[in-house]
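Topology and contacts: notes
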Amino acid sequence: MPELLLHFSDNETTLERVTVLARENGITPEQWVLRAIAKDLGDYGLKPLPEGVQPQTLNQLFEATGLLKPRT
């Protein structure tokens, strides 16, 4: 699984603020970061649904638009 490792300096408050905000929302800091990334990305880089494609599942829809990589 790909990873993205973040480093914060000892004098930064970002990690503490993310941790508190996540706790206030009942989620982990990791979940909060994933939500923040998804919110900021929006539909950037996604493809419109190809004409004539009628996905039967969410996975098919996500693959058709590029939200998920096609299964190999």
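Attention in this report is confined to the structure presented alongside it. (Residues numbered from 1 in each chain as written. Predicted model: local features only at pLDDT ≥ 70, side-chain atom pairs only at ≥ 80, totals over all residues. Heavy atoms only, no water.)

Before going further, it helps to spend a moment on the overall build of the protein chain. The helix and strand inventory of the protein chain stands at three helices and zero strands. The order of helices and strands in the protein chain, counted from the N terminus, is α-α-α. The C-alpha radius of gyration of the protein chain comes to 17 Å, more than 25% above the 11 Å expected for a compact globule of 72 residues. Taking the principal axes of the C-alpha coordinates as reference, the protein chain spans close to 55 × 25 × 20 Å. Summarising the internal contacts of the protein chain: among those between residues at least 6 apart in sequence, 0% fall at separations of at least 24. When the accessible surface of the protein chain is totalled, it reaches about 6800 Å², and 57% of it is carbon and sulfur. In the protein chain, 7 side chains carry a positive charge and 10 a negative one; their mean positions are 5 Å apart. (Helix = DSSP H or I, 4+ residues; strand = E, 2+ residues; numbered from the N terminus. Rg over C-alpha atoms; globule rule 2.2 N^0.38 Å. Contact = heavy atoms within 4.5 Å. Areas by Shrake-Rupley, 256 points an atom, 1.4 Å probe, with all protein chains shown as cover. Lys, Arg positive; Asp, Glu negative; His and termini not counted. Charge placed at Lys NZ, Arg CZ, Asp CG, Glu CD.)

With that out of the way, let us pick up the packing of helix α1 (residues 14–24) against helix α2 (residues 29–41). Their axes nearest at 8 Å, the elements α1 and α2 cross at an angle of 95°. Between α1 and α2, the crossing angle belongs to the class labelled roughly perpendicular. The segment α1 lies against α2, with Val 18, Thr 19, Leu 21 and Ala 22 engaging Pro 29, Trp 32 and Val 33. Tallied by class, the residues present in the contact of α1 with α2 amount to six nonpolar, one polar and no charged. (Axes fitted to C-alpha atoms, helices over the stretch in contact; angles between N-to-C directions. Parallel < 35°, antiparallel > 145°, perpendicular 65-115°, else oblique. Nonpolar A, V, L, I, M, F, W, Y, C, P; charged D, E, K, R; others polar.)

In this structure, the largest pocket encloses a volume near 830 Å³. Mapped onto the lining of the largest pocket, the elements with two or more residues apiece are α1 and α2. Here the residues of the lining of the largest pocket are counted per class, giving 18 nonpolar, three polar and three charged. (1 Å grid on protein atoms, 1.4 Å probe; cavity = no way out; pocket = protein on both sides within 12 Å on 5 of 7 lines; lining within 4 Å. Points joined across faces, edges and corners; volume = space filled by probe spheres on them.)

Let us now look at the environment of Glu 63. One can find Glu 63 in helix α3 (residues 58–65). Residue Glu 63 is classed as partly exposed on the basis of its relative accessible area of 22%. The spacing of Glu 63 and Glu 16 is 47 residues in sequence and 35 Å in space, taken between C-alpha atoms. The residues touching Glu 63, leaving out its near neighbours within four places in the chain, are Lys 47, Leu 68, Lys 69, Pro 70 and Arg 71. (Buried < 20%, exposed > 50% of the residue type's maximum accessible area, 1.4 Å probe, protein only.)

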